[in-house]
Amino acid sequence: MVDRTHKEFSDDDIAEIAKTYHSWRSSPSPSGRGGGEGFIYEDIPGFCKSADLEEIKSHHYVLTPGRYVGAADIEDDGIPFEEKMNELSSTLYKQMKESAELDTIICDNLKQLGLGE
C-alpha cells in the first residue's frame, strides 16, 4: 500500500487482474457476456464481483467498488479474542518498555557527543 487508499500493483497483481477480467469476459453468463470455453469466472469477495444493471440501479448508479465487491472473508485462527488481545497488549507493553530504554541510551550517547540538552 502506498497509503491508506492507494495500492501499487505488482506484476503478479496485474496478471491476476487481467486473468480475472479475461475469465469474466469469456465466461458464459445470463447477461450474454462471452461464451468462450476453458474459462470459469466466479465472484471473489474483496476482489471481484460481476454486477448486473439491476444491482447497479439499486445503488443509484454509484460505482464505488466496495458496494459490490464487499470484503474478503476473514479466516478465524481459532484463538479467542480475549486471549489474542492479552497477548498483543503484553507484546505492545514490552516493546514500549524497550523503546523507552533505547531512547535513554540514545539521549546519553548524544550528551556524550555534546549534542544533548
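**Comments concerning the overall build of the chain**
Item 1. Helices and strands together make up the secondary structure of the chain, namely four helices and zero strands.
Item 2. For the chain, the α and β elements follow one another from N to C terminus as α-α-α-α.
Item 3. With 117 residues in all, the chain has 9% of them scored as buried.
Item 4. Pairs at least 24 residues apart make up 20% of the contacts formed inside the chain by residues separated by at least 6 positions.

**Section: helix α4 (residues 81–112)**
Item 1. For α4, with 32 residues, the first-to-last C-alpha span of 46 Å sits near the 46 Å given by 1.5 Å per residue.
Item 2. Taken from the residues just after α4, glycine 114 is the one with a positive phi, measuring 80°.

**A word on the pattern of salt bridges**
Item 1. Counting across every chain of the model gives four salt bridges.
Item 2. The partner of lysine 7 in a salt bridge is aspartate 13, with the nearest N and O atoms 3.8 Å apart.
Item 3. Judged by relative accessible area, which is 24%, aspartate 13 ranks as partly exposed.
Item 4. Between aspartate 43 and lysine 49 there is a salt bridge, and its shortest N-O distance comes to 4.0 Å.
Item 5. A relative accessible area of 34% means that aspartate 43 is categorised as partly exposed.
Item 6. Bridged by salt links that share partners, the residues Asp43, Lys49 and Glu55 form one connected network.

**A short note on the side chain of threonine 20**
Item 1. Mapped onto the elements of the fold, threonine 20 is located in helix α1 (residues 11–26).
Item 2. Accessibility expressed as a relative area gives 13% for threonine 20, which makes it buried.
Item 3. With sequence-adjacent residues up to four places away left out, threonine 20 is seen in contact with Tyr41, Phe47 and Cys48.

**Observations concerning α1**
Item 1. With 16 residues, α1 extends 22 Å between its outermost C-alpha atoms, agreeing within 8% with the 22 Å of an ideal straight helix rising 1.5 Å per residue.
Item 2. For α1, the full list of buried residues reads Thr20, Ser23 and Ser26. With its buried residues spanning 140° around the axis, α1 presents them on a single face.

**Notes on a nonpolar patch on the surface**
Item 1. Where nonpolar side chains cluster on the molecular surface, the patch consists of Leu102, Ile105, Ile106, Leu110, Leu113 and Leu115 and spans about 600 Å² of accessible area.
Item 2. You can see isoleucine 105 is positioned in helix α4.
Item 3. Using a relative accessible area of 46% as the deciding quantity, one classes isoleucine 105 as partly exposed.

**Some words on unusual backbone geometry**
Item 1. Phi angles above zero are rare outside glycine, and histidine 60 is one such case at about 55°.
Item 2. Relative to the assigned elements, histidine 60 resides in the loop between α2 (53–58) and α3 (65–69).
Item 3. Backbone geometry places tyrosine 61, a non-glycine residue, at a positive phi of 65°.
Item 4. With respect to the helices and strands, tyrosine 61 occurs in the loop between α2 and α3.

Scoring rules and cut-offs
Residues numbered from 1 in each chain as written. Predicted model: local features only at pLDDT ≥ 70, side-chain atom pairs only at ≥ 80, totals over all residues. Heavy atoms only, no water. Helix = DSSP H or I, 4+ residues; strand = E, 2+ residues; numbered from the N terminus. Buried < 20%, exposed > 50% of the residue type's maximum accessible area, 1.4 Å probe, protein only. Contact = heavy atoms within 4.5 Å. Expected span 1.5 Å × (residues − 1). Salt bridge = Lys/Arg side-chain N within 4 Å of Asp/Glu carboxyl O. Arc of directions from axis to C-beta. Patch = residues over 30% accessible without salt bridge, like charges linked within 9 Å, V, L, I, M, F, W, Y side chains within 5 Å. Areas by Shrake-Rupley, 256 points an atom, 1.4 Å probe, with all protein chains shown as cover.

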